[in-house]
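# Secondary and tertiary structure notes
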Amino acid sequence: MTGASSTPGRKGAIWIVAEQIGGKLAAVSLEILGQALGMAREAGGREVAAVLLGKDAGGLADELASFGADKVFLADDPRMEPYRNDAHGAVLARLVAREGPEIVLFGASACGEELAPTVAARLDTGLGAHCTNLDMEGGGLLMMGVLGFGGRVHTEMFCPARRPQMASVKPGMFQPPPRTDRRGTVVREDVAALLEGEKIRLRAVKVVREAPEGVPLEGADVVVAGGFGIGGKEPWALLEELARELSGAVGCTRPALDEGWTSGEHTMIGTSGKTVRPKVYLGFGISGSPHHTVGIKDAGVIVSVNSDARAPVFESSDYCVVSDFRKFVPALIREIRKAKGGSPGEPSTVPVSK
Amino acid sequence: MGGFHIVVLVKPVPDPACYDRVEIDPATGVLARQGMPSVLNPSDRHALEEALALQERHGGRVTLVSMTPESSAETLREALAMGGDEAVVLSDRAFAGSDSLATARVLAAGVAKVSPFDLVLAGNESADGGTVHVPSQVGELLGVAHLANVIRLEVDADGGVRTRTRIENGYMEVEGALPMVLGVRREINTPRYTSLMGVLASLEKPIRVLGAEELGVDRARVGMEGSNMRPGKMSRPSFRRKGERVKGGPEEAAARIVGILRAEGVLG
C-alpha cells in the first residue's frame, strides 16, 4: 500500500491517465485531456500532465504532448502491456503519491472503470464515477457531476479533504483538444523500481478486439435508433436499411439489446452505453426512459416516431411523429430516395401487425 | 467436505422499475424514495448464480454478505430462497452515507468476519449508484487479486482461475488463483428461478446481523464521516425539447422529416 499526501494539492497539477487501444490513443483519453486543458486555462494556468502505461509507447507519449499535455509520465515496459489492474494500479498509485497532483482523471472505459477505484483505494481518496460533467471551482475544488437511478438524478460530488481528487469520465462527454506541433516533456519512468515489492498476481493471456460492423455511432451525422417497440429482428432490418440510406449509424436501447435484435453492445446508447451527438437523431419504438435519453441530450435535432401519442419520449423530442414505424420507415425511405434524385426503388416491407 | 467458501456480496436496492418516481424534495434537496420496494440488485443475482454453480461443481459453502439496514433483511431472505447457506447483514447507523470506499471497508470487514474465504463474487454495479467501484475496492482492502466486468469464469479444484472480462468491442482473458474478488456482468449467466422448495428452505437459513462493534470497524472511517466523497446539489436532469407534432399520415410526415434532414445538411 502506498500512502497519499493528504495535504491539498501541493503542486496543483491536473493529470489524465491515457489509455491505448491497438497502438492508438483511446478517444476518451483525448476528451479528458481536452477538459483538463480547459479547466487549467480557466484556473489561470496549471500544469496538465498525462500518464501513459504501455510497451514501445514513446510515439504515443509525443502525441499526447502534441495535443497539449505539458508533461507526459511514460511507464514503458513489457509488464505494462496488456493492461492488468494490479500492475497498472501499483505504478499509478506510486507515481501519484510521488508527484502529488491535485486532480487525476480517468476515462470510464472498461479498463478505466476498474483501474480508477483500484488506485483510489490504494491512495485512500475520493473518486467520482462515470462523470458526465466536471468543473473546477474556487480553490481548485473539483465538481464531479454523476448520474444515478438510471439517469434520473444528477448529483454534484466533491472530495473536499483528500488529494488527489479523482474522477472517471464517461466517454463522449468532452471535446478532444486540437493537435499542435508542440513538444512537451516526456519523463521516462523506471517501471522496475515502481513495481518493487508489489505483488502482481494477474496474467492477461489474451486480448481480443473486433472492429464492429457498420458505421460507428461516434462521429455519425445521423443516428437511427430503435427500442423495445420494434418487436423483432425482422422489423429491425428496416432501421438498418434507413440508416444505410442516410449513411448513418444504428443505435439501440438497453431493452432492444437485451432482446438480441441488435448487432451488439457497442450500439447501445445511454447511461450504461454510449453518448452520441449526431446532427439528426431518429428514434423508433422508444419509450423515452432517461437511461437512453441521457445519451442523446446533445444531439442536434431529435425526431421520435412512436405509435403511442402519449409516449414520454415525445417530451424530450423536437419533432414527434405518431405513426407505426412499419408504415412510416418505408415511406421515409421512399421520400429520401426521391429527394436524393435517385431511382426510388421499393424499400423492404414487413407485415404490419394489428 | 472440500470445496470453496464463496462469499457473495448482495445489496437490496430500490426497485429499478420505480426509478421514474424518484423525486428530489425542492426544499431540502434530498432524494425522496418513499414507497419504493426493495429488490435484490439485478447484477447480484448473477453473482449468486455463479456461486451456486461453483458450489454444485466443487461443493463447499456460500455465504451472502450485505451492508443494508436491518429493515431490508427480507430481501436477503429472497436471495437465500435462490440459494446459499447463510446470510450476514452488516447494519449500523454509523454506516449511513458511506461512499464506495467506506462501503468497501464495511464489506471487507464483513468478509473478514466470515473468513477464511476463497472467492468473493459481487454484481459489477448497483442499479441505483452504479459506480462499479465496490468489487475492486473490496479486493484492494482485502489485499487479494480482483477483477471487474467478468463475463466468464472457470475455477479449478486446485484454485486456478480463468476469466473473461468485457472490454470495448471484445474481451480479455485473465488468469489468476484464489483467493480473488470478482465483479460479474449480467451476461455471465442466467440466474435460476426460485423454487417453492427454495423458499421453504430459506426460512430455516440463519441471517446474522453485525454492527460496527462486532465487525471491529473504526466508526470514524465509515459512514458519512469516514467518506472522502461528499454529495452536493441534486437535481433531476431535464431533457425537455419543443415536442412539435408532425401532422399527417406516413407519407406527409415522411416528407416533412426529409425537409428537416435537408435543412440539417445530412441528405448527402
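Given the structure is predicted, the values throughout are model-derived calculations rather than measurements.

### Some words on the confidence of the model for chain A
Looking at chain A, the pLDDT average stands at 92 and 93% of residues meet or exceed 70. When the criterion is pLDDT under 50, residues 1-10 of chain A qualifies, and its contacts beyond four places in sequence or with other chains add up to 25 contacts.

### Focus: the confidence of the model for chain B
Confidence in the prediction of chain B, expressed as mean pLDDT, is 94, and 100% of residues score 70 or more. At the level of chain-chain contacts, confidence expressed as ipTM amounts to 0.95, with global pTM at 0.91.

### Describing the pairing of strand β9 (residues 142-148) of chain A
For a regular strand, the rule is simple: side chains alternate between the two faces of the sheet. Residue and element names in this part refer to chain A. For β9, the tally of buried residues reaches 6 of 7 residues, placing the bulk of the element in the interior. Direction of pairing for strand β8 (residues 133-136) relative to β9: antiparallel, over a ladder of 4 bridges. Bridged to N133 within β9 is G145. Turn length for the β8-β9 hairpin, with the two strands adjacent in sequence and antiparallel, is 5 residues, and the turn residue G139 shows positive phi of about 75°. With 5 bridges joining them, β9 and strand β10 (residues 153-158) adopt antiparallel strand pairing. Paired with V146 across the two strands is T155, which belongs to β10. Linking β9 back to β10 in an antiparallel pair, the connection comprises 4 residues, with F149 at a positive phi of about 50°.

### What to know about the packing of helix α9 (residues 325-340) of chain A against helix α7 (residues 250-263) of chain B
Between α9(A) and α7(B), the shortest axis-to-axis distance is 8 Å and the interhelical angle comes to 50°. Between α9(A) and α7(B), the interaxial angle falls into the category oblique. You can see that α9(A) and α7(B) cross each other, and the crossing is right-handed. Between α9(A), through A:K327, A:F328, A:A331, A:L332, A:E335, A:I336 and A:A339, and α7(B), the contact on the second element is made entirely by B:P250, B:E251, B:A253, B:A254, B:A255, B:I257, B:V258 and B:R262.

### Things to note about the domain arrangement of chain A
Residues and elements named next belong to chain A. Assigned domains within chain A: domain 1 (14-194) and domain 2 (222-340). Here the C-alpha centre of domain 2 lies 33 Å away from the C-alpha centre of domain 1. Across the contact, 8 residues belong to domain 1 and 9 residues belong to domain 2.

### Considering the interface of chain B and chain A
Note on interface size: it is often stated as the accessible area lost on association of the parts. With 66 residues of chain B at the interface, the matching set in chain A holds 72 residues. Among the secondary structure elements, those contributing two or more residues to the side of chain B that touches chain A are α3 (100-113), α4 (134-142), β9 (145-155), β10 (160-167), β11 (170-177), β14 (230-235), β15 (244-245) and α7 of chain B. Ranked by residues supplied to the side of chain B that touches chain A, first place goes to α7(B) with 10 residues. Split by residue class, the side of chain B that touches chain A holds 31 nonpolar, 16 polar and 19 charged. Pairing geometry for β10(A) and β14(B), over 4 bridges, is antiparallel. For A:F158, the partnering residue across the bridge sits in β14(B) and is B:R230.

Conventions and cut-offs
- Residues take numbers from 1 onward in each chain, read along the sequence in its written order.
- The lettering of chains begins at A and the numbering of ligands begins at 1, in the order of writing.
- For a predicted model such as this one, the threshold for reporting local features is a pLDDT of at least 70, and the threshold for listing and counting side-chain atom pairs is 80 or more; totals across whole chains, interfaces and linings nevertheless cover every residue.
- Values of pLDDT, the confidence the predictor places in each residue, fall between 0 and 100.
- C-beta atoms are first placed from the backbone for all residues, and any pair lying within 7 Å is then listed as a contact.
- For every residue, the other C-beta atoms within 10 Å of its own C-beta are counted; 20 or more classify it as buried, 12 or fewer as exposed, and values in between as partly exposed. C-beta atoms are placed from the backbone.
- Strands are runs of DSSP state E lasting at least 2 residues, helices are runs of H or I lasting at least 4, and numbering of each runs from the N terminus.
- Criterion used throughout: strands pair if DSSP finds at least two bridges between them.
- In this description, a line fitted to the C-alpha atoms serves as the axis of each element, helices being fitted only across the stretch in contact, and the angle between N-to-C directions of two axes falls anywhere from 0 to 180 degrees.
- An angle counts as roughly parallel when it lies under 35 degrees, as roughly antiparallel when it exceeds 145, as roughly perpendicular when it falls between 65 and 115, and as oblique in every other case.
- Here a crossing is taken to be left-handed if its near helix is turned anticlockwise relative to the far helix by less than a right angle, and right-handed if that turn runs clockwise.
- Domain boundaries shown here were taken from an automatic or database domain assignment.
- Under the scheme applied, nonpolar residues are Ala, Val, Leu, Ile, Met, Phe, Trp, Tyr, Cys and Pro; charged residues are Asp, Glu, Lys and Arg; polar residues are all the others, including Gly.

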